[in-house]
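Report on the structure
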Amino acid sequence: MTNNRLDKQLEFIIEVDKLKSILRRSKLADGSRLENDAEHTWHLMMMAVLLQEHANNKEIDIARVVKMLMIHDIVEIDAGDTFAYDTKGHEDKAEREQLAAARLFGLLPDDQREECLALWNEFEHRNTDEAKYAAALDRLQPMLLNFENKGTSWNSNGITSDRVLAYNAHIANGSEALWEYAQELVRRAVDKGYLERGSDA
């Protein structure tokens, strides 16, 4: 006998396996290869739990943050990864990702579809403390990898320190402590020659 709910859930689970094949622009900390979206997601969930004490709001619902991070990049299965500093790619990013969210979360039973869409939109709009913290981690993680692999992605794409600081400034909305760390990381990257100094740095 077919269990329609279970069938839908398993169809979604198989579909999101494709996240393992979506390559990001960031290389692993050791610089050996590009990171994929599934690895990025796992790393963010680990950070969310371990760094919660540094969130601006210490009382955030960490389970909600982890769920948000778990699903935030699933849309890239259809929409692809848009490089952080690709201004042209960002022009239609929202439209591509909305269509992807509708299709991918639409595979789930109605209640889970609505929950995932709500979490995804919450992350995108950054209008709760949980979303602000999740988004802060999403910005900090590639910075950590870039520093550890000596600025591979920054240098290969001609990114300067002022652009890194401007793009990642909203880390402060989720964690002032992590933003202070991120700014120091950029200063150290410039000093070590991992990142070219920008006009405002």
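Data block above holds the structure.
Because the structure is predicted, anything quoted here is derived from the model rather than measured.

On to the packing of aromatic side chains. All told, the structure shown has 2 aromatic pairs when counted by the stated rule. Aromatic pair F12 and F105: ring centres 6.2 Å apart, planes at 35°, arrangement tilted. One end of the pair, F12, is in helix α1 (residues 4-15); the other, F105, is in helix α5 (residues 93-105), with 93 residues separating them in the sequence. The same class applies to F12 and to F105, which are both buried. Centroid distance F147 to Y194: 5.3 Å. Interplanar angle 65°. Geometry classified as edge-to-face. With F147 in helix α7 (residues 129-148) and Y194 in the segment after α11 (176-192), this pair connects stretches of sequence that are 47 residues apart. Relative accessible area serves as the criterion here: at 14%, Y194 is assigned to the buried category. The residue whose ring lies beneath R139 is Y167, and the NZ or CZ to ring-centre distance is 3.8 Å.

With that settled, the discussion passes to the environment of F123. Structurally, the position occupied by F123 is in helix α6 (residues 110-125). With residues near it in sequence (within four places) discarded, F123 still touches M68, L69, H72, A131, A134, A135 and D138.

The complete set of buried residues in helix α9 (residues 161-168) reads S161, D162, V164 and N168. For α9, the arc enclosing every buried residue in end-on projection is 160°, short of the 170-degree limit, so these residues lie on one face. Against α7, α8 (152-156), α10 (171-174) and α11 lie the buried residues of α9.

Before going further, it helps to examine the nonpolar core. By size, the foremost hydrophobic cluster in this structure holds 49 residues, and its most contacted members are L69, I74, F105, L137, M143 and I171. Counting only elements with at least two residues in this core, the list comes to α2 (37-50), α3 (62-71), α4 (76-79), α5, α6, α7, α10 and α11. Residues within four places of L69 in sequence aside, it is in contact with T41, L44, M45, A48, F123, A134 and L137.

Examined against the element boundaries, R24 turns out to sit in strand β1 (residues 23-27). The buried category is assigned to R24, whose relative accessible area is 10%. Apart from the residues lying within four places of it in its own chain, the contact partners of R24 are L34, E35, N36, D37, H40, D73, D81, Q141 and P142.

On to unusual backbone geometry. The backbone of R126 sits at a positive phi, close to 50°, despite the residue not being glycine. Considering the arrangement of structural elements, one finds R126 in the loop between α6 and α7. For R126, a relative accessible area of 31% corresponds to the partly exposed category. For K150, which is not a glycine, the phi torsion comes out positive at approximately 65°.

With that settled, consider the packing of α5 against α6. Taken N-terminus to C-terminus, the directions of α5 and α6 make an angle of 160°; their axes are 10 Å apart at the nearest point. Here α5 is positioned roughly antiparallel relative to α6, judged by the angle of their axes. Two packed elements cross with a definite hand, and for α5 against α6 that hand is right-handed. Contacts between α5 and α6 involve K93, E97, Q98, A101 and F105 from the former and R113, C116, L117, W120, N121 and E124 from the latter. Tallied by class, the residues present in the contact of α5 with α6 amount to 5 nonpolar, 2 polar and 4 charged.

One can describe the packing of α3 onto α7 by two numbers: an axis separation of 9 Å at closest approach and a directional angle of 50°. Taken together, α3 and α7 sit at an angle that is classed as oblique. Between α3 and α7 lies a crossing whose hand is right-handed. Each of I62, R64, V65, M68 and L69 in α3 lies in contact with α7, whose residues at this interface are E130, A131, Y133, A134 and L137. A class-by-class count of the residues in the contact of α3 with α7 yields 8 nonpolar, no polar and 2 charged.

How each quantity is defined
- Residues numbered from 1 in each chain as written.
- Predicted model: local features only at pLDDT ≥ 70, side-chain atom pairs only at ≥ 80, totals over all residues.
- Heavy atoms only, no water.
- Phe/Tyr/Trp six-rings, centres within 6.5 Å; stacked < 30°, edge-to-face > 60°.
- Helix = DSSP H or I, 4+ residues; strand = E, 2+ residues; numbered from the N terminus.
- Buried < 20%, exposed > 50% of the residue type's maximum accessible area, 1.4 Å probe, protein only.
- Lys NZ or Arg CZ within 6 Å of the ring centre and 35° of its normal.
- Contact = heavy atoms within 4.5 Å.
- Arc of directions from axis to C-beta.
- Core = buried A, V, L, I, M, F, W, Y, C linked by side-chain atoms within 4.5 Å.
- Axes fitted to C-alpha atoms, helices over the stretch in contact; angles between N-to-C directions.
- Parallel < 35°, antiparallel > 145°, perpendicular 65-115°, else oblique.
- Left-handed = near helix turned anticlockwise from the far one by under 90°.
- Nonpolar A, V, L, I, M, F, W, Y, C, P; charged D, E, K, R; others polar.

Such coordinate-based values are descriptive only and should not be taken to indicate function.
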